[in-house]
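Descriptive structure summary
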Amino acid sequence: MDKRLEVAIDAAKAAGEVALRYFRSGVTVELKGDRSPVTRADRECEQRIVEVLHGAFPDYGLVGEEFGERPQPAGAPAKWIIDPIDGTKNFIRGIPYFATLIGLEEDGDITTGVIYAPAVDDLLYAQKGHGAFDRNGRLQVSRIASLREGMVVFGGLDIFRQGGHWDGFERLVRASGRQRGFGDYFGHTFVARGQGEAMVELDLKPWDLAAIKIVIEEAGGRFTDFTGTPTIYGGTAIASNGLVHDEILALLRPPAPT
């Protein structure tokens, strides 16, 4: 296993140990400037991740959800992108579907990704050109080519309305055979494992998506924002098996003015 991937897995597991010490413990919740919740666990998880990653790769840059971007060494060859607890609201309410997400960006491309959900001990990881895996082996997206026969996963519904994508979401619902709401990292795991054909969500930050993108792509899928650009910086995301991707893009796109 490549050292970067090995260290990223170690960092995610170390964060998981921290998170589980606080899980279902009644940890105090604060609100950040954007009104999203944060706990002591989020901050301590990120600190632990940084300790592990920086200890092994001191010349790499780092950006995390809770503490932002640390000063990057001149000419840094790569940058870690960290979400210490993706699914903080689940964590707060004692729902076990939250995860540490760690991605590595090199020359603008995500090349390594780790997803670790400690409460259910679920680990997914990928490295560019080497495939995506979980504890049971290699991951492979589904081969269902018809959205009418497929399942679409989504996160919060009101975010589609607030983001001006409600009409497109309704078109997607009508065109797809089955829809299920599984938010945060969790929804993407269904796509990576071939259990669903697409996950759509919005109101996202790069740390929500870095690890997700490479896992989906290395499982044989496709990852873009709602414009079709393969980026983690667009604020929206479609992760799919690739076969239904263009149809979803077309459905979410606002109709041309008449």
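Look up: the structure comes first, before these words.
In what follows, the accompanying structure is described.

Cut-offs applied
- Residues numbered from 1 in each chain as written.
- Predicted model: local features only at pLDDT ≥ 70, side-chain atom pairs only at ≥ 80, totals over all residues.
- Heavy atoms only, no water.
- Axes fitted to C-alpha atoms, helices over the stretch in contact; angles between N-to-C directions.
- Helix = DSSP H or I, 4+ residues; strand = E, 2+ residues; numbered from the N terminus.
- Parallel < 35°, antiparallel > 145°, perpendicular 65-115°, else oblique.
- Left-handed = near helix turned anticlockwise from the far one by under 90°.
- Contact = heavy atoms within 4.5 Å.
- Buried < 20%, exposed > 50% of the residue type's maximum accessible area, 1.4 Å probe, protein only.
- Pairing = 2+ DSSP bridges.
- Polar contact = N/O pair within 3.5 Å; in protein donor to acceptor, adjacent residues only side chain to side chain.
- Salt bridge = Lys/Arg side-chain N within 4 Å of Asp/Glu carboxyl O.

Right, let's talk about the packing of helix H1 (residues 3–22) against helix H2 (residues 40–56) for a bit. Relative to each other, H1 and H2 sit at 155°, their axes nearing to 8 Å. Judged by the angle between their axes, H1 and H2 are roughly antiparallel. Crossing of H1 against H2: the hand is right-handed. Note on element contacts: H2 touches H1 through Arg40, Ala41, Glu44, Cys45, Arg48, Ile49, Val52, Leu53 and Ala56, opposite Lys3, Val7, Ala8, Asp10, Ala11, Ala14, Ala15, Val18, Ala19, Arg21 and Tyr22.

Here we take up the pairing of strand S5 (residues 79–86). The buried fraction of S5 amounts to eight of the eight residues, a majority that puts the element mostly inside the structure. Pairing of strand S3 (residues 61–64) with S5 involves four bridges; the strand directions are parallel. Residue Gly64 lies in a different strand from S5, and its bridge partner there is Ile82. Note: S5 against strand S6 (residues 99–106), six bridges, orientation antiparallel.

We now examine unusual backbone geometry. Of note, Asp107 is a non-glycine position whose phi angle comes to about 50°, a positive value. Counting through the fold element by element, Asp107 comes out in the loop between S6 and strand S7 (109–117). A positive phi angle, close to 60°, is found at Asp203, a residue other than glycine. Here Asp203 is to be found in the loop between strand S13 (198–202) and helix H7 (206–218).

Okay, the side chain of Glu105 next. Turning to its location among the elements, Glu105 is positioned in strand S6. By relative accessible area, Glu105 is classed as buried at 11%. One polar contact links Glu105 to Tyr233, side chain to side chain, over a distance of 2.9 Å. Setting aside its immediate chain neighbours within four residues, Glu105 contacts Ala78, Lys79, Ile81, Ile110 and Tyr233.

Applying the stated criterion across every chain, the model contains 13 salt bridges. For the salt bridge of Glu105 with Lys79, the shortest nitrogen-to-oxygen distance reads 3.8 Å. Of the two residues, Glu105 sits in strand S6 while Lys79 sits in strand S5, which places them 26 residues apart along the sequence. Lys79 shares its class with Glu105; the two are buried. For Lys128, the salt bridge is made with Asp109, and the minimal N-O distance between the two is 2.2 Å. One end of the pair, Lys128, is in the loop between strand S8 (122–127) and strand S9 (131–134); the other, Asp109, is in strand S7, and 19 residues separate them in sequence. Through salt bridges with shared partners, a single ionic network connects Asp2, Arg4 and Glu106.

A sheet is described by the order of its strands in space; here eight strands give the open sequence S4-S3-S5-S6-S7-S8-S9-S10, paired in mixed fashion. The strands lining the two open edges of the sheet, one partner per strand, are strand S4 (68–69) and strand S10 (137–138). Pairing of S8 with S9, which is carried by four bridges, proceeds in the antiparallel orientation. Within the sheet, the bridge partner assigned to Tyr125 lies in S9 and is Phe133. H2 rests against S3, S4, S5 and S6 of the sheet, and its axis sits at about 150° to S5. Against the sheet, H7 makes contact with S3, S5, S6, S7, S8 and S9, and its axis sits at roughly 100° relative to S7, the strand it touches most.

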